Amino acid sequence: KSSGRGTYKRFDAAMHAELQAHQQVKIALKGALERNEFELHYQPLISLKSRRVTGCEALLRWRSPERGMIAPSDFIPTAEETGLIVPIGKWILDQACRQAASWPEHISIAVNLSPVQFRHRNLVKAVADALSASRLDPARLQLEITESVLLDESEHNRQLLLELRGLGVKIAMDDFGTGYSSLGYLRSFPFDKIKVDQAFVRDLPHGKESLAIVRAVAGLGHSLGMTTTIEGIETEDQLAIVNAEGFHEAQGYIFSRPLPASEVSKLIENPL
Ligand code: C2E
Ligand code: MG
Ligand code: MG
Ligand code: MG
């Protein structure tokens, strides 16, 4: 009996500590947003046909005065758990659209959306506001979502995607192949673009299974009338394969790492 009570007490203390840590990170992220410590870097997407930049993906960074540059994987999960990804996500949309409006008209901008942003009723308004404030042509904005967005309440989220599409923006399925039932999602929603996850690129050119999957997705994208993109291209061998398989676009360190706005502008103006 007493050990039971003790266990309960320890659990309680652990929960308390966890809650406090959670509160602290929440305060840190909130402060980061207020002090303007977030910044967007931009990674070019290259047309494999023309070898020109077609657009850039906005990737979030946290420039912390104490800890230096922090990668999104280190703080986005906490931002999602605390709900702060909603105001941060709004800042990202505003900033990315404003930046893209300064680029030539044929250059698009891709923005990643968190599944948590989908649970908030203001997502459509946040996107519409970013577009109108920047005067960016909606057709130049691509929203990247992962399969997890369609996992829960799929009918609600499907309607939301259609509403976003109604604004004139494009919808891309990101990290394709890493989720649970990717093929079903392609049937339930007419995506404009599929981005194959870099996991399938990593063991190219030698991985037979990865090659078979990459080939199949290229074919699928063509049959469904979707733009096919592949991420994480690092070597000439990998590039030769995705080129041969007929992908429309590629993204990866072989072309460019994500760059600050000032540097990516130069790259857009003087193509590779
Ligand atoms: P993602 O959307 O799939 O973005 C691609 C990631 O792959 C980026 O990592 C990019 O730097 C990295 N990458 C690009 N080319 C290569 C390559 O050739 N080799 C390797 N090894 N990596 C490459 P990053 O910037 O660390 O972002 C990681 C993830 O964090 C993103 O994956 C996305 O899921 C999330 N994320 C980033 N920015 C945002 C944002 O603004 N909002 C939201 N909700 N999520 C974001
Ligand atoms: Mg992405
Ligand atoms: Mg991706
Ligand atoms: Mg990825």
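Going by the structure above, here's the rest.
Note that the coordinates shown come from a computational prediction; the quantities given were computed from them, not determined experimentally.

Q: Even after reading the chapter, I still don't get the packing of helix α5 (residues 123–134) against helix α7 (residues 154–166), so can you show me in this structure?
A: How two helices pack is summed up by the angle between their axes together with the distance between the axes. One way to put it is that α5 packs onto α7 with a least axis distance of 10 Å and a crossing angle of 15°. It follows from the interaxial angle that α5 and α7 lie roughly parallel. Between α5 and α7 lies a crossing of right-handed hand. Facing Leu123, Val124 and Val127 of α5, the residues of α7 in contact are Leu160, Glu163 and Leu164. Per-class residue counts for the contact of α5 with α7 are five nonpolar, no polar and one charged.

Q: Quick question: what am I supposed to make of empty space enclosed by the protein here?
A: In this approach the atoms are scanned with a rolling probe the size of a water molecule, which exposes any empty space left behind. Applying the stated criterion to the full structure yields one cavity of 30 Å³ or more. Of the pockets and cavities examined, the largest cavity occupies roughly 60 Å³. Val86, Gly89, Lys90, Leu93, Gln117, Asn122, Leu123 and Ala126 together form the lining of the largest cavity. Of all the secondary-structure elements, those providing two or more residues to the lining of the largest cavity are α3 (85–101) and α5. A total of four residues in the lining of the largest cavity trace back to one element, the largest contributor, which is α3.

Q: It is not clear to me how the coordination of the magnesium ion (ligand 3) should be interpreted in this structure. Could you clarify?
A: Reference geometry at the metal: tetrahedral coordination by four donors gives ideal angles of 109.5 degrees; octahedral coordination by six donors gives 90 or 180 degrees. Distances from the magnesium ion (ligand 3) to its protein donors, Asp174 (OD), Asp175 (OD), Glu231 (OE) and Glu231 (OE), fall at 2.0 to 2.8 Å. Coordination of the magnesium ion (ligand 3) draws on donor residues from a single chain, spaced D-D-x55-E in sequence. For Glu231, a relative accessible area of 8% puts it in the buried group.

Q: Explanation requested: the packing of α3 against α5 in the structure shown.
A: Running from N to C, α3 and α5 cross one another at 30°; their axes reach a closest spacing of 9 Å. The orientation of α3 with respect to α5, classified from their angle, is roughly parallel. In terms of crossing hand, the pair formed by α3 and α5 is right-handed. Residues Lys90, Leu93, Asp94, Cys97, Arg98 and Ala101 of α3 pack against Ala126, Val127, Asp129, Ala130, Leu131 and Ser134 of α5. Residue classes in the contact of α3 with α5 are distributed as seven nonpolar, one polar and four charged.

Parameters at a glance
- Residues numbered from 1 in each chain as written.
- Chains lettered and ligands numbered in written order.
- Predicted model: local features only at pLDDT ≥ 70, side-chain atom pairs only at ≥ 80, totals over all residues.
- Heavy atoms only, no water.
- Axes fitted to C-alpha atoms, helices over the stretch in contact; angles between N-to-C directions.
- Helix = DSSP H or I, 4+ residues; strand = E, 2+ residues; numbered from the N terminus.
- Parallel < 35°, antiparallel > 145°, perpendicular 65-115°, else oblique.
- Left-handed = near helix turned anticlockwise from the far one by under 90°.
- Contact = heavy atoms within 4.5 Å.
- Nonpolar A, V, L, I, M, F, W, Y, C, P; charged D, E, K, R; others polar.
- 1 Å grid on protein atoms, 1.4 Å probe; cavity = no way out; pocket = protein on both sides within 12 Å on 5 of 7 lines; lining within 4 Å.
- Points joined across faces, edges and corners; volume = space filled by probe spheres on them.
- Donors = N, O, S within 2.8 Å, 3.2 Å for Na, K, Ca; no water.
- Buried < 20%, exposed > 50% of the residue type's maximum accessible area, 1.4 Å probe, protein only.

All we've got here are geometric facts, nothing functional implied.
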